[in-house]
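# Examining the three-dimensional arrangement
Residues per chain are reported as follows:
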Amino acid sequence: MSGPPTPRAGVHRIADLSGARILVTNDDGIHAPGLKTLEAVARTLSDDIWVVAPEQEQSGAGHSLTLSRPLRVRHLSERRHAVTGTPTDCVLLAVHHLLKDRKPDILLSGVNRGGNLGEDVTYSGTIAAAMEGTLMGLPSIALSQCCSGDHPVKWHTAEDHAPALIRRLAAIGWPHGVLMNVNVPDRVAASVAGTRVVVQGQRAGGVSIIEQQDPRGRPICWIGDFASHHPLEENTDLWAVAHGYISVTPLHLDLTHQATCGPLAQALAD
Ligand code: MN
């Protein structure tokens, strides 16, 4: 007979989230619809929800810290705060300042407007907030809702599917130093094909740089969309969401490429 799995040392595992203190943050800012979605998701899991999110949109901020100016915290209510900084700043202030008397049990970041797939994970403030949580020893999950420009974002898909998935992930557990990157496909909730554990993919395309003129005729540039031509390498995050699956990718904070270490050490010793 098999009982519940025994938690191993160095593994995050929360069998029951109902009493958990949940920290919610994002990179789209305190007013973002995806943050409201994630708050609604969190409230289905626990009553102890704390929101600490950037005052302004921080998409593309990556894992940056604000070191050259002070941060202001705006208290919107007892458990809702906006910070004039990055997602990483928000997590640091939340854990070491606002919630220092009782730290969160789990961190949820998102729901981001748009997927965080392939190389996106290196730019994403949504993922970076989950990285910061992971560095602090908190189980952390980044959530993103895939969308495209020609119709409204299907926030209900994330709202419908995220509670059960978060409960299952927390109960199964995952190793310290690892975060969960969850992407919800651009489909209505009833049409989601299922959940797939997949690896980080690679976008085949490049980035578009859009050159324009400012009102005084001087050239300016915008960084535009990142192209993704053939996201069909199977069992990647890009493949999964393109086929209607929710992708779950465990990401590791240790960026070392182990396979290169041995041969490189040997070559350098020669
Ligand atoms: Mn964003």
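Description of the structure in this document. None of the values given here were measured: they were computed from a predicted structure. (Residues numbered from 1 in each chain as written. Predicted model: local features only at pLDDT ≥ 70, side-chain atom pairs only at ≥ 80, totals over all residues. Heavy atoms only, no water.)

## Looking at the overall build of the chain
Threshold: The way it works is that DSSP assigns letters per residue, a run of H or I at least four long becomes a helix, a run of E at least two long becomes a strand, and they are numbered from the N terminus. As defined in this context, the radius of gyration uses C-alpha atoms, and a globule is described by 2.2 Å times the residue total to the power 0.38. For every residue, the accessible area (1.4 Å probe, protein chains only) is compared with the maximum for its type, and the residue is labelled buried under 20%, exposed over 50%, or partly exposed between those bounds. Residues are treated as being in contact if the distance between any of their heavy atoms lies within 4.5 Å. Method for areas: the Shrake-Rupley scheme with a 1.4 Å probe, in which residue coverage is limited to the protein chains shown. Only four residue types enter the tally: Lys and Arg on the positive side, Asp and Glu on the negative side; His and the chain ends are excluded. A charged residue contributes its charge at one atom only: NZ of Lys, CZ of Arg, CG of Asp or CD of Glu.
Counting secondary structure elements, the chain contains 7 helices and 13 strands. Here the chain has a C-alpha radius of gyration of 19 Å; the compact-globule value for 270 residues is 18 Å, and the two agree. Across its three principal directions, the C-alpha atoms of the chain cover 70 × 55 × 50 Å. Split into buried and exposed, the 270 residues of the chain put 46% on the buried side. A separation threshold of at least 6 residues defines the contact pool for the chain, and within that pool the share at least 24 residues apart is 75%. If you sum the accessible surface of the chain, you get close to 14,200 Å²; carbon and sulfur atoms cover 54% of it. Measuring between centres, the 22 positive side-chain charges of the chain sit 7 Å from its 27 negative side-chain charges.

## Notes on the layout of surface pockets
Picture a little ball the size of a water molecule; that probe, rolled over the atoms, points out where space is still empty. Our working rule: The way it works is a 1 Å grid over only the protein atoms, where trapped points that fit a 1.4 Å probe form a cavity and open points with protein on both sides within 12 Å along at least five of seven lines form a pocket, and then any residue with an atom within 4 Å of a point lines it. Grid points are joined across faces, edges and corners, and a volume is the space filled by probe spheres set on the points. The classification used treats Ala, Val, Leu, Ile, Met, Phe, Trp, Tyr, Cys and Pro as nonpolar, Asp, Glu, Lys and Arg as charged, and all other residues, Gly among them, as polar.
In this structure, the largest pocket spans a volume of roughly 1,000 Å³. As for the largest pocket, its lining consists of 36 residues, of which R113, G114, G115, D120 and R203 are closest to the centre. When contributions to the lining of the largest pocket are tallied by element, the ones reaching two or more residues are α1 (33-43), β6 (106-113), α3 (120-123), α4 (125-135), β12 (219-226) and α6 (237-242). With 4 residues, β12 is the largest single contributor of residues to the lining of the largest pocket. Of the residues that constitute the lining of the largest pocket, the class distribution is 14 nonpolar, 14 polar and 8 charged. What lines the second largest pocket is a set of 16 residues, and nearest its centre among them are Q200, L251, H252, D254 and L255.

## Digging into the packing of helix α2 (residues 87-98) against α4
To be explicit about the condition: For helices, the fitted axis covers only the stretch in contact; all axes are lines through C-alpha atoms, and the angles between them, taken along N-to-C directions, range from 0 to 180 degrees. Angles below 35 degrees are treated as roughly parallel, those above 145 as roughly antiparallel, those between 65 and 115 as roughly perpendicular, and all remaining angles as oblique. Handedness of a crossing is defined here by the sense of rotation of the near helix relative to the far one, left-handed for an anticlockwise turn of less than a right angle and right-handed for a clockwise turn.
At a minimum axis separation of 8 Å, α2 and α4 run at an interaxial angle of 30 degrees. Relative to α4, the element α2 is oriented roughly parallel. For the pair α2 and α4, the sense of crossing is right-handed. Counting all contacts with α2, which are made through P87, T88, V91 and L92, the residues of α4 involved are G125, A128, A129, E132 and G133.

## A few points about the pairing of strand β11 (residues 207-213)
Inclusion rule: Whether two strands pair comes down to DSSP finding at least two bridges between them.
As judged from the 6 bridges shared by β11 and β12, these two strands associate in the antiparallel manner. Directly across from E211, in β12, lies its bridge partner C221. Between the end of β11 and the start of β12, which pair antiparallel, lie 5 residues, with G217 showing a positive phi angle near 85 degrees.

## Focus on the packing of aromatic side chains
Here is the rule: Put simply, two rings from Phe, Tyr or Trp (the six-membered ring, in Trp's case) pair if the centres are within 6.5 Å, and we call them stacked under 30 degrees between planes, edge-to-face over 60, tilted for the rest.
Under the definition given, this model contains 1 aromatic pair. Note on W239 and Y245: the rings are 5.9 Å apart at their centroids and 15 degrees apart in plane angle, and the pair reads as stacked.

## So, the packing of α1 against helix α5 (residues 155-172)
Remark: α1 packs on α5, axes separated minimally by 9 Å, with the N-to-C direction vectors making an angle of 35 degrees. The two elements α1 and α5 meet at a crossing, and its hand is right-handed. Residue-level contacts link P33, G34, T37, A40 and V41 of α1 to W155, A158, E159, A162, P163 and I166 of α5. Partitioned by chemical class, the residues of the contact of α1 with α5 number 8 nonpolar, 2 polar and 1 charged.

## Some thoughts on the coordination of the manganese ion
Using the following cut-off: Metal sites are built from N, O and S donor atoms within 2.8 Å, or 3.2 Å for Na, K and Ca, and they leave out water, so they may look incomplete.
With distances of 2.1 to 2.2 Å, the protein atoms coordinating the manganese ion are D27 (OD), D28 (OD), S59 (OG) and N112 (OD1). In this structure D28 comes out as buried when scored by relative accessible area, which is 15%.

## Notes on the nonpolar core
Counted only if it meets this: Put simply, buried Ala, Val, Leu, Ile, Met, Phe, Trp, Tyr and Cys residues joined by side-chain atoms within 4.5 Å make one nonpolar core.
Formed by 36 residues in total, the largest nonpolar core has its most connected members in I22, L108, I141, L143 and I166. Mapped by element, the contributors of at least two residues to this core are β2 (21-25), α1, β3 (48-54), β6, β7 (140-145), α5, β9 (178-184) and β13 (245-252). Counting residues per element, this core draws most heavily on α5, which supplies 7 residues. Sequence-distant contacts of I141, defined by excluding residues within four places in its chain, comprise I106, L107, L108, S109, A130, I166, L169, W174, M180 and V182. Within the second largest apolar cluster, 20 residues are counted, among which are V52, A129, A130 and L251.

## A closer look at unusual backbone geometry
Cis geometry marks the peptide bond from G110 to V111, where omega comes out at -15 degrees. Positionally, V111 belongs in strand β6. Its identity as a non-glycine residue notwithstanding, N235 has a phi of 65 degrees, on the positive side. By the element assignment, N235 lies in the loop between β12 and α6.

## Some points on the sheet that holds strand β5 (residues 80-83)
Pairing is mixed across the open sheet formed by 9 strands, whose spatial order is β4-β5-β3-β2-β6-β7-β9-β13-β10. Each edge of the open sheet carries a strand with a single partner, namely β4 (73-77) and β10 (194-197). This sheet shows a mean twist of 20 degrees between the axes of neighbouring strands, independent of strand direction. With 5 bridges connecting them, β7 and β9 associate as parallel partners. The residue of β9 that forms the bridge with A142 is N181. Strands β2, β3, β5, β6 and β7 of the sheet are contacted by α1, whose axis makes an angle of about 145 degrees with β6. In the packing of α2 onto the sheet, contacts are made with β2, β3, β4, β5 and β6, and the angle to β3 comes to roughly 135 degrees.

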